[in-house]
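# Per-entry structural report
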Amino acid sequence: MDDLQLRVLPLLALLASLLYFFYFQDSPTLFERSDCSLFSYNHYWIISKRIVTPRGVISGAVEVKEEKIVSIVKEEDWHGNLKRGQIIDYGEAVVMPGLIDVHAHLDDPGRTEWEGFPSGTRAAAAGGITTLIDMPLNNFPSTVSAETLKLKIDAAEKNIYVDVGFWGGLVPENAFDANSLEALLSAGALGLKSFMCPSGINDFPMTNSSHIKEGLSILAKYRRPLLVHAEIPQDSESYLEDGENDPRSYSTYLKTRPPSWEEAAIRELLTVSKDTRIGGPAEGAHLHVVHLSDAGSSLQLLKQAKSNGDSVTVETCPHYLAFSAEEIKDGDTRFKCAPPIRDAANKERLWTALLEGDIDMLSSDHSPSAPDLKLFDEGNFLKAWGGISSLQFVLPVTWSHGRQYGVTLEQLALWWSERPAKLAGQDLKGGIAVGNHADITVWEPNVEFELNNDLPVYLKHPVCRRISPPSFLIH
Ligand SMILES: NC(=O)NC(NC(N)=O)C(=O)[O-]
Ligand SMILES: [Zn+2]
Ligand SMILES: [Zn+2]
């Protein structure tokens with residue numbers, strides 16, 4: 001793991017100008033809290049030599065008034081005097097749109113011993129994330145109805161440090177019940193999420209393509225997306241030969257979840273994603289494949305669907321871009337997730353796909369559990385909880401690995417803000433642009449830090465530093 005010595009880069013400060021609590025009604029209404037700015041000023045200017053806007057990186061100033069961006073001025077145009085308001089000068093630090101994490105499990109209500117809104121959103125803020133869309137499972141009960149969504153909203157209210165929205169769950173029980181799905185969407189779910197394999201959570205069973213087809217037809221009316229965990233178990237290919245099943249070895253786990261699981265699911269999804277084409281029965285709906293790990297056939301299939309006009313996008317996660325199977329030590333179940341982290345060659349192909357635009361965006365898939373479920377003493381990959389705890393570190397991980405591939409600040413903003421905002425239907429977020437919410441992250445791209453015991457980690461279970469030394473680990 002030594003080459004994983006992540007000298008990750010620190011976040012200077014987070015300027016989440018707002019701590020809105022929002023959710024949508026039929027015609028997207030934003031529910032806001034008024035006590036949300038980190039600054040006491042109502043009107044201020046943020047100055048930096050590196051402001052990342054949709055039109056490129058500029059040296060200049062962003063004017064914020066009543067939590068909205070009201071003007072953006074290039075340095076050469078302000079002639080040394082900004083008008084009224086407080087001025088906060090960040091020098092050379094990067095001023096970027098706040099990250100929008102469309103895939104995190106905060107496990108609240110019901111499993112707050114795993115994470116919870118207070119610790120999860122605080123860690124998000126410390127990591128530069130200003131908006132987080134919470135997954136409908138791992139909390140209890142799962143968020144599969146208007147009533148269970150209400151429980152989540154109640155749990156979140158007054159307990160969050162960043163903006164939070166919610167996905168609802170598409171499960172067999174509600175998939176053919178249009179009234180129930182419509183009630184869930186009308187109550188504020190920004191879209192739906194389903195699994196094509198067991199989710200590990202009893203009250204969140206998996207769906208098949210008929211359920212997904214039904215879900216898309218309802219979502220079309222609301223113009224909202226369906227997010228899918230795309231793996232279908234292929235028994236014949238995950239069979240372990242005698243002598244090949246040391247459960248402490250990562251390679252054993254990897255064999256149980258080959259790329260063919262992702263490929264089979266995506267192939268199946270494409271039989272229904274064609275409904276989302278212009279003129280199709282589910283035009284207006286959108287299909288989003290979460291946490292893609294297989295950069296082979298699965299990716300080719302998705303490319304094909306896009307070129308056919310299907311409304312489809314795909315995300316991958318920092319752990320697939322930072323780590324590779326070869327590096328994962330026996331028993332180190334911190335790295336267990338599904339689909340699994342694959343070999344180094346696959347990791348390279350994921351980077352290529354991201355840089356070439358075949359992968360649309362990034363998300364954390366922060367999926368922590370109580371540490372005992374990770375079975376650290378036993379180190380059994382086959383029995384341990386699958387899920388990686390990473391929320392606070394996704395920006396430094398993406399940047400410190402991405403810079404080796406020539407990633408630009410504009411690309412970071414695209415993958416972490418602009419496209420996630422679009423997926424979640426957040427028209428006034430995702431970019432430093434006039435009229436948008438002043439959701440802004442400020443960070444120092446050239447300062448290195450080690451993830452050791454001196455670093456404040458706000459996550460409930462900072463398993464990232466469980467083993468020391470070495471003191472670095474990110475997950
Ligand atoms: N129940 C889960 O949170 N599962 C998650 N687990 C992972 N990714 O290992 C996921 O997103 O599939
Ligand atoms: Zn998943
Ligand atoms: Zn997940």
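Residues numbered from 1 in each chain as written. Chains lettered and ligands numbered in written order. Predicted model: local features only at pLDDT ≥ 70, side-chain atom pairs only at ≥ 80, totals over all residues. Heavy atoms only, no water.

### Some points on the overall build of the protein
If you tally the helices and strands in the protein, you get 13 helices and 18 strands. Classification of the 475 residues of the protein by burial places 62% in the buried group. Once local pairs closer than 6 in sequence are excluded, the contacts in the protein between residues at least 24 apart make up 76%. Accessible area for the protein stands at about 17,800 Å²; split by element, carbon and sulfur atoms hold 49% of it. (Helix = DSSP H or I, 4+ residues; strand = E, 2+ residues; numbered from the N terminus. Buried < 20%, exposed > 50% of the residue type's maximum accessible area, 1.4 Å probe, protein only. Contact = heavy atoms within 4.5 Å. Areas by Shrake-Rupley, 256 points an atom, 1.4 Å probe, with all protein chains shown as cover.)

### Concerning the coordination of the zinc ion (ligand 2)
Protein-derived coordination of the zinc ion (ligand 2) comes from His229 (ND1) and His291 (NE2), at a distance range of 2.1 Å. If you look at the zinc ion (ligand 2), its four donor atoms make angles of 55 to 145° with each other, and the shape they trace is irregular. A spacing of 3.8 Å is found between the zinc ion (ligand 2) and the zinc ion (ligand 3). Of this pair, His229 sits in strand E13 (residues 225-229) while His291 sits in the loop between strand E14 (286-289) and helix H9 (297-307), placing them 62 residues apart in sequence. The burial state of His229 is the same as that of His291; both residues are buried. (Donors = N, O, S within 2.8 Å, 3.2 Å for Na, K, Ca; no water. Tetrahedral: all angles 85-135°; square planar, octahedral: opposite > 155°, others 65-115°.)

### Examining the packing of helix H6 (residues 209-222) against helix H8 (residues 259-273)
The contact between H6 and H8 brings their axes to 9 Å, and the two run at 40°. Of the two possible hands of crossing, H6 and H8 adopt the one that is right-handed. Contacts between H6 and H8 involve Ser209, Ile212, Lys213 and Leu216 from the former and Glu268, Leu269 and Val272 from the latter. (Axes fitted to C-alpha atoms, helices over the stretch in contact; angles between N-to-C directions. Left-handed = near helix turned anticlockwise from the far one by under 90°.)

### Here we look at the confidence of the model for the protein
Per-residue pLDDT for the protein averages 89, and the proportion of residues at 70 or more is 87%. Every residue in residues 465-475 is under pLDDT 50, and counting partners more than four places away or in other chains gives 41 contacts. Reported for the predicted complex are a pTM of 0.92 and an ipTM of 0.97. (pLDDT = per-residue confidence, 0-100.)

### Observations concerning the packing of aromatic side chains
As enumerated under the stated definition, the model contains 10 aromatic pairs in all. When the centroid spacing of 5.9 Å and the interplanar angle of 65° are considered together, the rings of Tyr250 and Tyr253 count as edge-to-face. Here Tyr250 pairs with Tyr253, and both are found in helix H7 (residues 250-256), just three residues apart, close to one helical turn. Take Tyr250 and Tyr253: they sit in the same class, and that class is buried. Taken together, the aromatic side chains of Tyr250, Tyr253 and Phe381 make up a single cluster linked through ring pairs. (Phe/Tyr/Trp six-rings, centres within 6.5 Å; stacked < 30°, edge-to-face > 60°.)

### Some words on the environment of Lys158
Here Lys158 is to be found in the loop between helix H3 (146-156) and strand E10 (163-166). In this structure Lys158 comes out as exposed when scored by relative accessible area, which is 69%. When the C-alpha positions of Lys158 and Phe117 are compared, they lie 9.5 Å apart, and in sequence the two are 41 residues distant.

### Some remarks on the environment of Tyr222
Structurally, the position occupied by Tyr222 is in helix H6. For Tyr222, a relative accessible area of 14% translates into the label buried. Residues Tyr222 and Pro420 lie 198 residues apart in sequence; the distance between their C-alpha atoms is 18 Å.

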